[in-house]
Structures are given as structure tokens and as C-alpha cells.
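Summary of the model geometry
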Amino acid sequence: MKPAAQNTRATPRGLLLLTAAMLLLILYSGLHFKSASIANDVAWIGVQNGIRFDRQGIAYAQAVAASFSRKSPGDHPLSIELAIKPLEASDDGHFRFLLLLHGGDDAEQLVVGQWRSWLVIMNGDDYDARRRRARIAVNALPPQKERFVTITSGGDGTAIFIDGQLAKRKDDLILQIPGAAKQTRLVLGNSIYGRHPWVGEIYGLAYYDRILPEPAIGDHFRQWSRERTFTFTRSQNPAGLYLFNEGKGDRIGDHAGGQHDLAIPGKMTILTKEFLATPFGKGKYNVSLFQDMAINIAGFIPMGFLLGALLWQANYRDVKKRLLLVMLTCGAISLTIELAQAWIPSRSSQMLDLILNTLGAGTGVIGHSVYRHYFGTNPPDSQTPDQ
């Protein structure tokens with residue numbers, strides 16, 4: 001008696017291997033560190049006081065807002081002095097964080113950053129200026145050139161001094177110290193999310209709970225030029241003082257009282273992990289964004305096609321069922337990658353990527369069904385036709 005026709009077929013080994021290879025490629029693309037490394041790229045300079053940030057580094061101190069006196073609500077005078085040397089002009093157009101005071105809310109953070117060769121100071125997270133948040137900026141950071149930067153802000157506005165000379169003033173901009181005493185972090189060389197690395201050297205840092213007068217600013221620059229150290233600021237009673245004179249170790253001492261030492265972690269540390277950021281929440285609408293969107297869709301189309309083929313070989317002939325199973329599977333793979341990216345420097349966990357990856361997988365299943373319809377071998381009469 002002739003045996004009944006079987007509705008299942010042996011899955012080709014080549015198809016399984018190809019699918020496994022595609023999965024490994026997706027995992028590598030989603031989880032590799034790009035330009036970053038596991039190590040924290042911060043090193044002591046050695047030949048002089050200072051530290052160097054290279055590729056992906058960070059140094060930070062906790063609860064520094066207590067250093068600033070708060071005379072009354074809205075009255076937060078401050079001055080910041082920095083001796084620095086940018087090593088790159090950041091020609092990729094990305095915003096780099098040189099110094100950050102973060103109190104738990106990106107919209108209130110105080111940022112001293114670099115965009116190309118521009119020094120930018122602002123409160124908030126409007127890095128590309130698309131929302132027109134108030135800021136002050138000067139084109140004063142050419143690569144490989146030392147700069148003595150002084151920033152003052154109070155009731156009369158905000159000013160930037162470069163090498164002791166006034167570079168720009170904005171009377172209508174008053175910088176705010178964000179957060180409460182136990183929340184505010186002082187961060188050097190990066191953002192709290194590890195996505196805005198600055199490349200350069202810092203030789204000294206002092207900050208004050210008052211506005212330094214212009215004659216003192218010029219005098220401080222001249223003393224720095226002669227002595228190459230910030231020890232002269234001790235007599236000025238700064239709220240925070242970092243001489244960067246340790247030369248080794250994982251701490252940068254606070255010489256204004258010793259309460260807010262900067263830590264240099266051995267591994268690159270993301271201070272705040274962001275999971276599945278909202279689509280288009282703070283993104284910059286440019287060619288790069290749409291290229292990334294296209295890559296996220298296209299990257300999962302082959303996986304969707306191969307999984308669709310595997311399911312068809314396993315006798316899942318209903319295209320709707322294949323579409324659902326593949327999108328759920330690829331959605332789970334993408335979700336795993338996006339959650340893991342919250343721990344990876346230079347990567348970001350994005351809800352939009354998850355959505356686009358899943359849509360790409362669905363596109364692959366539809367592509368396989370179209371291929372089967374026009375180019376596939378017709379199934380035996382005993383099997384359900386592909387839909």
C-alpha cells in the first residue's frame with residue numbers, strides 16, 4: 001500500500017547555517033563597541049600636571065552642588081576656570097562634553113562643551129540648537145592649542161574669557177547650577193550617558209560661588225602661564241579646586257576642602273543608563289538620522305527572509321502566521337540588543353531601532369512569500385499552497 005504523503009520536509013542544512021550566520025552578524029553589529037573600548041580612556045599626562053581624554057573616557061565627582069552657596073532662589077553666581085588643550089576639532093559635527101554639572105534632569109544640566117572648534121556653554125540638552133535654547137559660544141578651540149578658559153555668570157549675564165581676555169558676553173543669559181546637593185554630579189570628558197566623548201587634555205580646574213572680576217581673570221591667566229599650575233587659586237578660596245598633580249592613581253583630589261574628589265574608573269562607566277529612548281524625542285533630523293533608519297530596517301530584512309524560509313520548510317504555509325512568528329522572534333532579538341546597548345559606551349538604546357528592526361523582519365517575510373509565489377517550486381497537490 002502506498003504510504004500517505006508527508007506534509008513536512010527536511011530543513012536544508014545550508015539554510016540553517018546561513019540563518020545562524022546572519023544572527024551572529026546581527027548580534028555583532030548591535031553589540032560591538034564601535035570606536036569605544038571597555039577601558040576608560042583617561043591617562044595621566046606625566047610630563048606635566050593634567051589628564052588626557054582619548055576616544056572614550058570619563059571622570060566624575062558626586063554631590064558637588066553643596067560647594068555653591070545659594071543666597072536666594074535664582075541668585076546663583078558662579079565662575080569656572082579651566083586650562084585645556086583640545087586634541088581634535090570634532091569635525092564629525094558631534095557635540096562633545098568637556099565639563100558637565102548634572103542634577104538628574106537633562107533639561108537643566110549645565111554643559112561646557114565643544115562643537116567643532118567652538119566652545120559652547122548652556123543649560124539643557126539642545127545640542128544642535130534646533131530648539132533655540134539660550135547659549136553662549138565662541139570659536140576659540142583650535143586643535144593642539146592650549147587655552148585658559150574662564151566662564152562667569154550671575155545677575156548681570158554670562159561671559160567667556162579666553163586667555164584672560166573677554167571673548168563674548170550675553171547679558172540675557174544666566175547659567176543655573178542644576179539639582180540638589182546630593183544629586184549634582186561634576187563630570188569631565190563625557191556625558192552621563194557616555195555618548196559625548198571629548199578628546200583633549202585638562203591641566204587645571206577651579207570653580208567659585210561668585211563672579212571673578214575682570215582684573216583677577218587676567219591676573220590668573222598670567223600666573224597660569226608662568227607657573228603651569230593652579231596652586232595660585234588657593235588664595236582665592238575656590239569652591240572646588242583640582243590641580244591634577246597626582247600623576248598616578250584613580251583619584252583627582254579636591255584641594256578646596258577635599259570633599260569632592262574626582263574618580264577615574266578603570267572601566268568606561270555610564271553613569272545613567274537609558275533604556276529604549278523615545279523615538280524622535282531629542283534626535284536631530286538630518287541625513288545621518290534617515291541613513292540610520294534605513295540601516296535598521298534593511299539590516300533585519302535578510303533575517304526575516306531566512307526565518308520565513310525556515311518556517312515554510314517546517315510547513316507553516318500561512319503567510320500571516322509566518323509574519324507573526326518572525327516579527328515576534330526578531331523583535332525579541334532586537335529588544336535584547338537594545339537593552340544591552342544601555343551598558344555599551346558610544347551606543348544608545350532606542351525604541352525607534354526596535355520598531356524598525358521588527359518592521360524590517362516583517363518585510364523580509366513578505367519578500368520570501370513574493371519570491372515563493374513567482375519563483376518557487378509548486379508544492380505537491382497534497383500540500384497547502386503557499387499564501
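Refer to the structure above for everything that follows.
The following paragraphs examine the structure supplied in this document. (Residues numbered from 1 in each chain as written. Predicted model: local features only at pLDDT ≥ 70, side-chain atom pairs only at ≥ 80, totals over all residues. Heavy atoms only, no water.)

1. Looking at the pattern of salt bridges
According to the stated counting rule, one finds eight salt bridges in the structure shown. In this structure, Arg 131 engages Asp 125 in a salt bridge whose closest nitrogen and oxygen atoms are separated by 3.1 Å. In this structure Asp 125 comes out as buried when scored by relative accessible area, which is 6%. The salt bridge partner of Glu 146 is Arg 228, with a shortest N-O separation of 2.4 Å. Within this pair, whereas Glu 146 is found in the loop between β8 (135–139) and β9 (147–154), its partner Arg 228 is found in the loop between α2 (214–227) and β14 (240–242), the two being separated by 82 residues in sequence. Counted as one network, the salt bridges with shared partners bring together Arg 52, Lys 85 and Glu 201. (Salt bridge = Lys/Arg side-chain N within 4 Å of Asp/Glu carboxyl O. Buried < 20%, exposed > 50% of the residue type's maximum accessible area, 1.4 Å probe, protein only. Helix = DSSP H or I, 4+ residues; strand = E, 2+ residues; numbered from the N terminus.)

2. Quick word on the packing of aromatic side chains
Overall, the coordinates contain 11 aromatic pairs when judged by the stated rule. Ring geometry for Phe 148 versus Phe 230: centroids 5.7 Å apart, planes at 40°, classification tilted. One end of the pair, Phe 148, is in strand β9; the other, Phe 230, is in the loop between α2 and β14, and 82 residues separate them in sequence. Residue Phe 230 is classed as buried on the basis of its relative accessible area of 0%. Grouping aromatic residues by their ring pairs yields a cluster made of Phe 148, Tyr 203, Phe 221, Trp 224, Phe 230 and Phe 232. A cation sits over an aromatic face here: Arg 372 above Trp 312, 3.7 Å from the ring centre. (Phe/Tyr/Trp six-rings, centres within 6.5 Å; stacked < 30°, edge-to-face > 60°. Lys NZ or Arg CZ within 6 Å of the ring centre and 35° of its normal.)

3. A word on the environment of Thr 11
Structurally, Thr 11 is set in the segment before α1 (13–31). Given the relative accessible area of 31%, Thr 11 is considered partly exposed. C-alpha of Thr 11 to C-alpha of Leu 311: the two residues are 300 residues apart in sequence and 9.3 Å apart in space. Excluding residues within four positions of it along the chain, Thr 11 makes contact with Leu 16, Leu 310 and Gln 313. (Contact = heavy atoms within 4.5 Å.)

4. A word on the nonpolar core
Ranked by internal contacts, the top residues of the largest apolar core, which has 41 residues, are Leu 186 and Leu 188. Sort the elements by how many residues they give to this core and strand β4 (residues 78–86) lands first, with four residues. With near-sequence residues (within four places) excluded, Leu 188 lies in contact with Phe 53, Gly 57, Ile 58, Ala 59, Leu 98, Leu 99, Ile 202, Leu 205, Phe 244 and Leu 262. (Core = buried A, V, L, I, M, F, W, Y, C linked by side-chain atoms within 4.5 Å.)

5. Points about the pairing of strand β12 (residues 185–188)
Burial of β12 is two-sided: the residues Arg 185 and Val 187 facing one way and the residues Leu 186 and Leu 188 facing the other way are all buried. Note: strand β3 (residues 59–61) against β12, three bridges, orientation antiparallel. Its bridge partner lying in β12, Tyr 60 is registered against Val 187. Pairing analysis gives four bridges linking strand β5 (residues 95–102) to β12, with the strands arranged antiparallel. Note on β12: the bridge partner recorded for Leu 99 is Leu 188. (Pairing = 2+ DSSP bridges.)

6. Section: a nonpolar patch on the surface
Judged by side-chain polarity, Ile 366, Val 370, Tyr 371, Tyr 374 and Phe 375 come together as a nonpolar surface patch covering roughly 590 Å² of accessible area. Inspection of the secondary structure puts Tyr 374 in helix α6 (residues 351–375). (Patch = residues over 30% accessible without salt bridge, like charges linked within 9 Å, V, L, I, M, F, W, Y side chains within 5 Å. Areas by Shrake-Rupley, 256 points an atom, 1.4 Å probe, with all protein chains shown as cover.)

7. Observations concerning the packing of α1 against helix α4 (residues 301–313)
Relative to each other, α1 and α4 sit at 150°, their axes nearing to 10 Å. Between α1 and α4, the interaxial angle falls into the category roughly antiparallel. Seen from above, α1 lies across α4 with left-handed handedness. Within the contact between the two elements, α1 uses Leu 15, Leu 16, Leu 18, Thr 19, Met 22, Leu 23 and Ile 26 and α4 uses Pro 302, Met 303, Leu 306, Leu 307, Ala 309, Leu 310 and Gln 313. A class-by-class count of the residues in the contact of α1 with α4 yields 12 nonpolar, two polar and no charged. (Axes fitted to C-alpha atoms, helices over the stretch in contact; angles between N-to-C directions. Parallel < 35°, antiparallel > 145°, perpendicular 65-115°, else oblique. Left-handed = near helix turned anticlockwise from the far one by under 90°. Nonpolar A, V, L, I, M, F, W, Y, C, P; charged D, E, K, R; others polar.)

8. A few points about empty space enclosed by the protein
Here the structure, examined in full by the defined rule, presents three cavities of 30 Å³ or more. Looking at the largest cavity, its volume works out to about 40 Å³. Every residue along the wall of the largest cavity is listed here: Tyr 193, Arg 195, Ile 270, Thr 272, Lys 273, Glu 274, Gln 341, Ala 342, Arg 347, Ser 348 and Ser 349. Split into classes, the residues belonging to the lining of the largest cavity amount to three nonpolar, four polar and four charged. (1 Å grid on protein atoms, 1.4 Å probe; cavity = no way out; pocket = protein on both sides within 12 Å on 5 of 7 lines; lining within 4 Å. Points joined across faces, edges and corners; volume = space filled by probe spheres on them.)

9. Thoughts on helix α5 (residues 319–341)
Over its 23 residues, α5 runs 32 Å from end to end, which matches the ideal 33 Å to within 8%, given 1.5 Å per residue. Every buried residue belonging to α5 is among Arg 322, Val 326, Cys 330, Gly 331, Ile 333, Ser 334, Ile 337, Glu 338 and Gln 341, and all of these are buried. Tucked into the core, α5 has its buried residues touching α1, α4 and α6. If you check the start of α5, you find a side-chain oxygen 3.0 Å away from the backbone N of Lys 320, and it comes from Asp 318. (Expected span 1.5 Å × (residues − 1). Polar contact = N/O pair within 3.5 Å; in protein donor to acceptor, adjacent residues only side chain to side chain.)

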